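# Survey of secondary and tertiary structure
Spelled out from the first residue to the last, the chains are:
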Amino acid sequence: MNKPKLAVIGNGMAGIRAIEELLKIAPDKYDITVFGAEPHPNYNRILLSPVLAGEQTMQDIVLNDWDWYRDNGIKLVTNKKIVNIHRTKRELTAESGETYSYDRLLIATGSNPFILPIPGANLPGVISYRDIADTEAMIDAAKHHKKAVVIGGGLLGLEAANGLKLRGMDVTVVHVMPWLMERQLDERAGKLLQASLEAKGIAFKIQANTEALIAGESGRVAALKFKSGEQIPAELVVMAVGIRPNAALAERSGIAVSARPGGIIVNDTMQTLTDPRIYAVGECVNHRGIAYGLVAPLFEMAKVCANHLAEYGIGRYVGSVTSTKLKVTGVDLFSAGNFQGDEATEDIVLSDPIGGVYKRLVIKDDKLVGACLYGDTVDGSWYFKLLREGKNIAEIRDQLMFGESNIGDVGHEGNTRAAAMKDSDEVCGCNGVCKGAITKAIKEKGLFTLDEVRKHTKASSSCGSCTGLVEQILMFTAGGDYSATPKMKPMCGCTDHTHQDARDAIKASKLLSVPDVMKFLDWRTPNGCATCRPALNYYLLSTWPKECIDDPQSRFINERAHANIQKDGTFSVIPRMWGGETTADELRRIANAVDKYKIPTVKVTGGQRIDLLGVKKEDLPNVWKDIGMPSGHAYAKALRTVKTCVGSEWCRFGTQDSTQMGKDLEQAMWRMYAPHKVKFAVSGCPRNCAEAGIKDVGVIGVDSGWELYVAGNGGIKTEVAQFFVKVKTSEEVLEYTGAFMQLYREEGWYLERTVHYVSRVGLDYVKKRVLEDAENRKALWERLQFSLDGEPDPWFEFDKARVDTRQFIPIKPSAAMADAVPAE
Amino acid sequence: MKIETHMSWRYVCKLEELPVLGARVVERSEDEGGNVAVFRNDKDVVFALLDKCPHKGGPLSQGIVFGERVACPLHNWTIELKSGDAVAPDVGCTRRFSVKVDNGDVFVEL
């Protein structure tokens, strides 16, 4: 059967990215032909500036070489300009006269530089800055000429000026607006930028209007004349005053095009308004009135477009928040969102003109809506993330200016500036990945997103605490902000749905099994993957307790074997010791089991329990039975320990019986599965010996009652728990703790700790639901008790806990029995 | 590891003794080459691999099975059940064994 034909007009970053995305999800769907006007395979246009500056070569910036097209069965026709689209015949006409038919068409013709309509604009020596040919022309001019003028003090113009300066030319930048990069920077940052570029030897004419370009004797441009009458010498003039969507072909072919700001009008599925067979992505489009000129939106469009070309029919492009970073070595500059602010916004400003640092954060309704950083951009990616996710920053407002590394007390992120790091410096402490390995992978494999870097290098793929650093390295290495992940991330590669989508669907449509959810939400894979299945299984359990089908095979091995797998494939066993108290009898049973099953290591844990390490899997059921203590759930996304101090029973300072309170909490809530592990602690006085300040729920006894703290974390990044409420009785401690837990269980995303859940929804919201609404609090607490009622101890009630005991019995292969085997 | 020279078909278990989307361990001494993981997916296709991830030797039998792949429980490498190859961008391969299912009996060539 003949495959339908997909034609792509435009061999640039957006079009090819769409094809790459398409090949990922539907590799054999189309016969693909790509038409390119330039004689090159797809290269990274953003990196033309480092090429001009002599920091990279043309070879370095090729994204897809000729082999890539061949290996993927894509026909690449370069040097072929398509001049007409015949929509009713579904046919393309090339300038050279040939015709090509298509079933679906993707237009990705990019943009054209805007040329000022002034006398002399077409003289030799006057160029724009858009492609490899322009770059080569500039490199060549730098060899033969001395005086260069760049018209336009925007991103591209300044990068061109910097490159030409580095190539030995005298460069003057002519800018019509009052300060440089006025679309990305506010006035103060713009002035700082100008000062530092002047220090590099670049001259500026600000608020200067160009009237004409004047030819010399040779016919080549020789001077630039301002409206004021002043003239400056100019043997090379680079016009970098902006780009216009290149929609001429579409317009000629009767496809709707916007008048201002230009561009082919597309809908949220990247189909053209005129013809649903025709898609368009990249700088040539106009989506909801905006024509984008940065790379991150193009990639988001490409993804959506591919999804629809593959006929999956899900995914919408809803626009992008963009950020900018200047690629001039030694100048750190970053801006995103509404950095100028307006009447409805508030500013936080840090200004140190001598130190060359200026930061402005623009805030509206307790959310970061814009950022403009100069001199110190290390937190750019973090601010951008806060901005995109629309996080409530009320609680970190006072520390916001000082960056991510100041939020929380310890943790190893943000200590080193990505740019200043040596190649041999370790970035990811979990997987031992150095900066050099990451930059190498980014360059050689053409990586653009955090996810890709994670896949290829493993950096930031384990604990995630170096994510900010990896994003910075990505920004520095790849040149622009490529890390822009979509606002709402899909759960995994099996679906485009987010965690929240899955939660909502399970609840609204009463889905009761993992396959039901996958069917309902059109999962792409037959039975998911190791990422989505455990999450879905948890969402079912927490939404429909006692009704849904718990699927042990969708749980990680630890929750299937009810023990913690170790690096050598053995397991660890941690029995529950209520409130961290034990007895001689329990210790004797543990000691006997250690001897009997030759358990190599016995360790006291930080959670006041005893860990038996190196237990063979087949011994697990017998070890549990011999010890005769309840499961400690130390292996599960569930309530782990409740740490306590000795409290008023023994301690001369104790004001409350913290040990008993801890035992009560533990007995009320053990066997409670949650989005992630959960730890409690109870201290009997404010000396807080049980370290309640770094627990999911920390309880501190005071003379008049108990203080509750929530959303602490002692792990990857220490987070101090936040004061939640003060209560009088131990019954109230149970009810408030239980209600908070149930809220987290019902709304948290899988693998989201309480600290992340609370920072996502805001502590105010949690207070509203648990503290201010007494009825809701009681309802939550009741739902938790309902869930836990009759919940089995998996170490003793195998059937009820759906423990597959066959896993504990290894199979012995029979003797060779050749005759018992049927012939092929 | 000793290289076996005499491979022969061995009866392992009944098909229904293998968990759907799961695995069982067939025990072999280190001299015999170590444990073998026998997997069953939701289409009742059975696969057998050496129970060692090519990355750091993790027991693949303990991983989550999906489609025709298993995710190693230690560091989440994904291994193709058919070939034993690690899924890109990871690189590595674990040994595979031939499997036959006849009349509900599972045989592995060990």
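What you see is a predicted model, and the numbers here were worked out from it, not measured in a lab.

### Side note on the overall build of chain B
The number of helices and strands found in chain B is 0 helices and 10 strands. Taken from N to C terminus, the helices and strands of chain B fall in the order β-β-β-β-β-β-β-β-β-β. The buried share of chain B, taken over its 110 residues, is 47%. Taking as baseline every contact in chain B between residues at least 6 positions apart, the subset at least 24 positions apart corresponds to 44%.

### A short note on the overall build of chain A
Within chain A, the secondary structure is distributed over 24 helices and 36 strands. The proportion of buried residues among the 824 residues of chain A is 48%. Taking the contacts inside chain A whose residues are at least 6 apart along the sequence as the reference set, 62% of them involve residues at least 24 apart.

### Considering unusual backbone geometry
Cis geometry is found at the peptide bond from B:Ala88 to B:Pro89, where omega equals 5°. Counting through the fold element by element, B:Pro89 comes out in the loop between β7 (78-80) and β8 (96-97). Positive phi outside glycine occurs at A:Arg90, with the angle close to 50°. Checked against the element boundaries, A:Arg90 lands in the loop between β4 (82-86) and β5 (91-94). Residue class for A:Arg90 comes out partly exposed when judged on the 18 C-beta atoms lying within 10 Å of it.

### Remarks on the pairing of strand β4 (residues 46-50) of chain B
Residue and element names in this part refer to chain B. Here β4 lies mainly inside the structure; 5 of its 5 residues are buried. Going residue by residue along β4, you find Val46, Ala48 and Leu50 tucked away on one face and Phe47 and Leu49 tucked away on the opposite face as well. Across 5 bridges, strand β3 (residues 36-40) lies against β4 in antiparallel orientation. For Phe39, the partnering residue across the bridge sits in β4 and is Phe47. As consecutive antiparallel partners, β3 and β4 are separated by 5 residues, and within that stretch Asp44 has a phi angle of approximately 60°, a positive value. With 2 bridges connecting them, β4 and β8 associate as antiparallel partners. Residue pairing across strands places Leu49 opposite Arg96, the latter belonging to β8.

### Section: the sheet that holds strand β3 (residues 75-77) of chain A
Residue and element names in this part refer to chain A. Spatially, the 5 strands line up as an open sheet ordered β3-β2-β1-β7-β19, and their pairing is parallel. Single-partner strands in this sheet number two, and they are β3 and β19 (278-280). If you compare each strand with its neighbour and ignore which way they point, the axes differ by 20° on average. Where strand β1 (residues 5-9) and strand β2 (residues 31-35) come together, 5 bridges link them in parallel fashion. In the strand pairing of β2, Ile9 is matched with Phe35.

### A closer look at the interface of chain B and chain A
With 32 residues of chain B at the interface, the matching set in chain A holds 28 residues. Counting only elements with at least two residues in the side of chain B that touches chain A, the list comes to β1 (9-14), β2 (22-26), β5 (64-66) and β9 (99-102) of chain B. If you tally residues by element for the side of chain B that touches chain A, the top one is β1(B), at 5 residues. When the residues that make up the side of chain B that touches chain A are grouped by side-chain class, the tally is 18 nonpolar, 7 polar and 7 charged.

### Re the pairing of strand β32 (residues 639-644) of chain A
Residues and elements named next belong to chain A. The buried fraction of β32 amounts to 6 of the 6 residues, a majority that puts the element mostly inside the structure. Inspection of the sheet shows β32 paired to strand β33 (residues 678-683) by 4 bridges, in the parallel sense. Paired with Lys643 across the two strands is Ala681, which belongs to β33. Each parallel crossover has a hand, and the one from β32 via helix α20 (residues 658-669) to β33 is left-handed.

### Quick look at the sheet that holds β32(A)
Residue and element names in this part refer to chain A. In spatial order, the strands read β32-β33-β34-β35-β36; together these 5 strands make up an open sheet with mixed pairing. Every other strand in the sheet has two partners, leaving β32 and β36 (722-727) as the edge strands with one partner each. Each strand axis lies, on average, 20° off the axis of its neighbour in the sheet, ignoring direction. Relative to strand β34 (residues 697-702), β33 is paired through 4 bridges, and the arrangement is parallel. Residue pairing in the sheet places Ser683 in a bridge with Ile700 of β34. With respect to the sheet, α20 is in contact with β32, β33 and β34, its orientation differing from that of β32 by roughly 170°.

### So, helix α11 (residues 435-445) of chain A
Buried residues of α11(A): A:Lys435, A:Ala437, A:Ile438, A:Thr439, A:Ala441 and A:Ile442, and no others. One or two steps after α11(A), the chain reaches A:Gly446, where phi turns positive at roughly 60°.

### Let's talk about the packing of helix α21 (residues 730-747) of chain A against helix α24 (residues 774-788) of chain A
All names here are of chain A. Two elements in contact, α21 and α24, have axes whose closest approach is 8 Å; the angle formed by their N-to-C orientations is 75°. When the axes of α21 and α24 are compared, the pair comes out roughly perpendicular. Residues Glu735, Tyr736, Gly738, Ala739, Met741, Gln742 and Leu743 of α21 lie in contact with α24, whose contacting residues are Arg777, Leu780, Trp781, Arg783 and Leu784.

### Let's talk about the confidence of the model for chain B
Close reading of the predicted structure is inappropriate where its pLDDT is low. Overall, the prediction assigns chain B a mean pLDDT of 92, with 95% of residues at 70 or greater. Note on the complex model: pTM 0.66, ipTM 0.93.

### Here we look at the nonpolar core
Among soluble globular proteins, nonpolar side chains are generally buried collectively. In terms of nonpolar packing, the biggest core is built from 120 residues, with A:Phe740 and B:Val38 touching the most fellow members. Apart from the residues within four sequence positions on either side, B:Val38 is in contact with B:Val12, B:Leu18, B:Ala23, B:Arg24, B:Val26, B:Val46, B:Ala48, B:Val106 and B:Val108. Membership of the second largest hydrophobic core comes to 70 residues, among which are A:Ala247, A:Ala250, A:Ala291 and A:Val453.

### Digging into the packing of helix α1 (residues 13-25) of chain A against helix α8 (residues 295-309) of chain A
All names here are of chain A. Axis separation between α1 and α8 bottoms out at 8 Å; the angle between their running directions is 40°. Looking at the two axes, α1 sits oblique to α8. Note on packing geometry: the crossing formed by α1 with α8 is right-handed. Contacts between α1 and α8 involve Met13, Ala14, Arg17, Ala18, Glu21, Leu22 and Ile25 from the former and Val295, Leu298, Phe299, Met301, Ala302, Lys303, Cys305, Ala306 and Leu309 from the latter. For the contact of α1 with α8, the class distribution of residues is 13 nonpolar, no polar and 3 charged.

Analysis parameters
- All residue numbers refer to position in the chain's written sequence, counted from 1.
- Chain labels run from A onward and ligand labels from 1 onward, assigned in the order the entries are written.
- For this predicted model, a pLDDT threshold of at least 70 governs which residues receive local features, and a threshold of 80 or more governs which side-chain atom pairs are given and counted, while totals over whole chains, interfaces and linings are taken from all residues.
- Secondary structure elements follow DSSP: runs of H or I of four or more residues count as helices, runs of E of two or more count as strands, with numbering from the N terminus.
- Here a residue counts as buried when 20 or more other C-beta atoms sit within 10 Å of its C-beta, as exposed when there are 12 or fewer, and as partly exposed otherwise, the C-beta atoms being derived from the backbone.
- Contact between residues is assigned whenever the C-beta positions, reconstructed from backbone atoms, fall within 7 Å.
- A pair of strands is treated as paired once DSSP finds two or more bridges between them.
- Interaxial angle, 0 to 180 degrees, is taken between N-to-C directions of lines fitted to C-alpha atoms, where a helix line uses only the stretch in contact.
- By the convention adopted, Pro, Cys, Tyr, Trp, Phe, Met, Ile, Leu, Val and Ala count as nonpolar, Lys, Arg, Asp and Glu as charged, and the other residues, Gly among them, as polar.
- The crossover handedness rule: strands pointing away from the viewer, path from first strand over the helix to second strand clockwise, crossover right-handed.
- Orientation labels follow simple angle bins: below 35 degrees gives roughly parallel, above 145 gives roughly antiparallel, 65 to 115 gives roughly perpendicular, and whatever is left gives oblique.
- pLDDT expresses how confident the predictor is about each individual residue, on a scale running from 0 to 100.
- Put simply, a nonpolar core is buried Ala, Val, Leu, Ile, Met, Phe, Trp, Tyr and Cys residues tied into one set by C-beta atoms within 7 Å.
- For a crossing to be left-handed, the near helix must be turned anticlockwise from the far one by less than a right angle; the clockwise case is right-handed.

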